[in-house]
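Residue strings, one per chain:
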Amino acid sequence: MELWYTEKHSDSVNFSLKVKEHLFSGQSEFQKLDVLDTYEYGKLMTLDGLVMVTEKDEFVYHDMIVHTPMAVNPNIKNVLVIGGGDGGTVRELMRYETIEHVDMVEIDKLVCDAAKEYFPTISCELENPRVTLLYEDGVKFVKESPDNKYDLIIIDSTDPIGPGEGLFSTEFYTNCHRILAEDGILVNQNESVFYEDTQEAALKANSKLKKIFPIVHVYQANIPTYPSGYWLFGFASKKYDPIKDLQADKWNNFGLKTKYYNTDLHIGAFALPSFVKEFF
Ligand code: AG3
């Protein structure tokens, strides 16, 4: 007998992985969480049945969501991560000795607990003393944060359904803008435009950001386990252009060994295919 996991990527497209073992299933007050061990992608975490991270391709997402803004402003010291309960974003941030503090606001403690238990290579920096982990609603947290507090905000969210919905709202982005420093950068996971199911979310997030920030761009990465594999991130800033202000030499001087990100790829990631350009 074979066991397969399937995520519906559209009404007529399924994505399936052959499963070795179903390791964990839990229900929090917010969502259902499962951990599966798969043949090709190693361990995989799903929330409400949708892939969040796999051991094999998480490096793409976490490299792109962290190193891209860090190479534009290598002086970033104070960071806010919204979501990101698996710990991958914090792990990459902690590689910079220059980062003084990270507040991570994850609504669901179960995500962190499962990550610590089943994904030690991803969650390994969650207990770092430079990280304050808060189990709170990110929407409420940004509403109550003081002005100009953070140099960088990373929105490491789920899709805009269930607990992630408010993290795609105008009110949330407006508060993010207010609590960012004058040279602050916001980066979000911006869904995909390939299938209609995620396209609307991708376009809405971008148009809302454009109404609030003077500089807004999307950039791309290949993440095989997300719908279509063609995934977008949003880059919004009050001051920095992601290409003109790229500090390649400074970033390369950090000497970080990265499996996906590099400063040549940084420039390429903002060069969008023609069909994508038409959307933005
Ligand atoms: N955040 C989830 C990205 C969206 C995936 N969507 C889907 N599979 N339908 C990933 C969190 C990684 N730290």
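Described below are features of the structure shown in this document. (Residues numbered from 1 in each chain as written. Predicted model: local features only at pLDDT ≥ 70, side-chain atom pairs only at ≥ 80, totals over all residues. Heavy atoms only, no water.)

A word on the overall build of the protein chain. Scanning the protein chain from terminus to terminus reveals 10 helices and 12 strands. Taking 2.2 N^0.38 as the reference for a compact globule, 280 residues should give roughly 19 Å; the C-alpha atoms of the protein chain span a radius of gyration of 18 Å, in line with that estimate. Taking the principal axes of the C-alpha coordinates as reference, the protein chain spans close to 55 × 45 × 40 Å. In the protein chain, which comprises 280 residues, the proportion classed as buried is 57%. For the protein chain, contacts bridging at least 24 residues in sequence account for 66% of all contacts bridging at least 6. For the protein chain, the exposed surface amounts to about 12,100 Å²; the carbon and sulfur share of it is 50%. The centroid of the 27 positive side-chain charges in the protein chain is displaced by 3 Å from the centroid of its 44 negative side-chain charges. (Helix = DSSP H or I, 4+ residues; strand = E, 2+ residues; numbered from the N terminus. Rg over C-alpha atoms; globule rule 2.2 N^0.38 Å. Buried < 20%, exposed > 50% of the residue type's maximum accessible area, 1.4 Å probe, protein only. Contact = heavy atoms within 4.5 Å. Areas by Shrake-Rupley, 256 points an atom, 1.4 Å probe, with all protein chains shown as cover. Lys, Arg positive; Asp, Glu negative; His and termini not counted. Charge placed at Lys NZ, Arg CZ, Asp CG, Glu CD.)

Moving on to the pattern of salt bridges. One pass over the full model with this rule turns up 15 salt bridges. One salt bridge in this structure joins Glu92 and Arg91, with 3.0 Å as the shortest N-O distance. Residues Glu127 and Lys116 are paired through a salt bridge, measuring 2.8 Å at the closest nitrogen-oxygen approach. One end of the pair, Glu127, is in the loop between helix 4 (120-123) and strand 8 (131-134); the other, Lys116, is in helix 3 (residues 109-118), and 11 residues separate them in sequence. In this structure Lys116 comes out as partly exposed when scored by relative accessible area, which is 33%. Salt bridges here are not isolated pairs; linked through shared partners, they connect Glu58, Arg91, Glu92 and Arg95. (Salt bridge = Lys/Arg side-chain N within 4 Å of Asp/Glu carboxyl O.)

To characterise two packed helices, one gives the angle between the axes of the helices and the distance between these axes. It is at 10 Å that the axes of helix 6 (residues 170-179) and helix 7 (residues 196-212) come closest, and there the two elements cross at 40°. When the interaxial angle is binned, helix 6 and helix 7 end up oblique. Crossing geometry of helix 6 relative to helix 7 is assigned as right-handed. Contacts between helix 6 and helix 7 involve Thr170, Tyr173, Thr174 and His177 on the former and, on the latter, Ala205, Lys208, Leu209 and Ile212. Grouping the constituent residues of the contact of helix 6 with helix 7 by class yields four nonpolar, three polar and one charged. (Axes fitted to C-alpha atoms, helices over the stretch in contact; angles between N-to-C directions. Parallel < 35°, antiparallel > 145°, perpendicular 65-115°, else oblique. Left-handed = near helix turned anticlockwise from the far one by under 90°. Nonpolar A, V, L, I, M, F, W, Y, C, P; charged D, E, K, R; others polar.)

In the neighbourhood of the ligand, 14 residues make up the surrounding shell, with Glu7, Val51, His62, Asp86 and Asp159 lying closest. One of the side-chain N or O atoms of Glu7 is found 2.8 Å from a nitrogen atom in the ligand. The protein chains hide 98% of the 400 Å² of surface that the ligand would expose on its own. Those elements that place two or more of their residues in the shell around the ligand are strand 5 (50-54) and helix 1 (58-72). (Near = heavy atom within 4 Å. Polar contact = N/O pair within 3.5 Å; in protein donor to acceptor, adjacent residues only side chain to side chain.)

Pairing within the open sheet is mixed, and its seven strands lie in the order 8-7-6-9-10-12-11. Of all strands in the sheet, those with a lone pairing partner are strand 8 and strand 11 (215-222), marking the two edges. Each adjacent strand pair in this sheet contributes to an overall mean axis angle of 15°, direction not counted. For strand 6 (residues 78-83) and strand 9 (residues 150-156), the ladder comprises five bridges, and the chain directions are parallel. Pairing of Gly83 across the sheet is with Asp156, part of strand 9. (Pairing = 2+ DSSP bridges.)

The topology assignment puts Gln220 in strand 11. We classify Gln220 as buried; its relative accessible area is 14%. Here Ala271 takes part through its backbone oxygen, which lies 2.9 Å from a polar atom of the side chain of Gln220.

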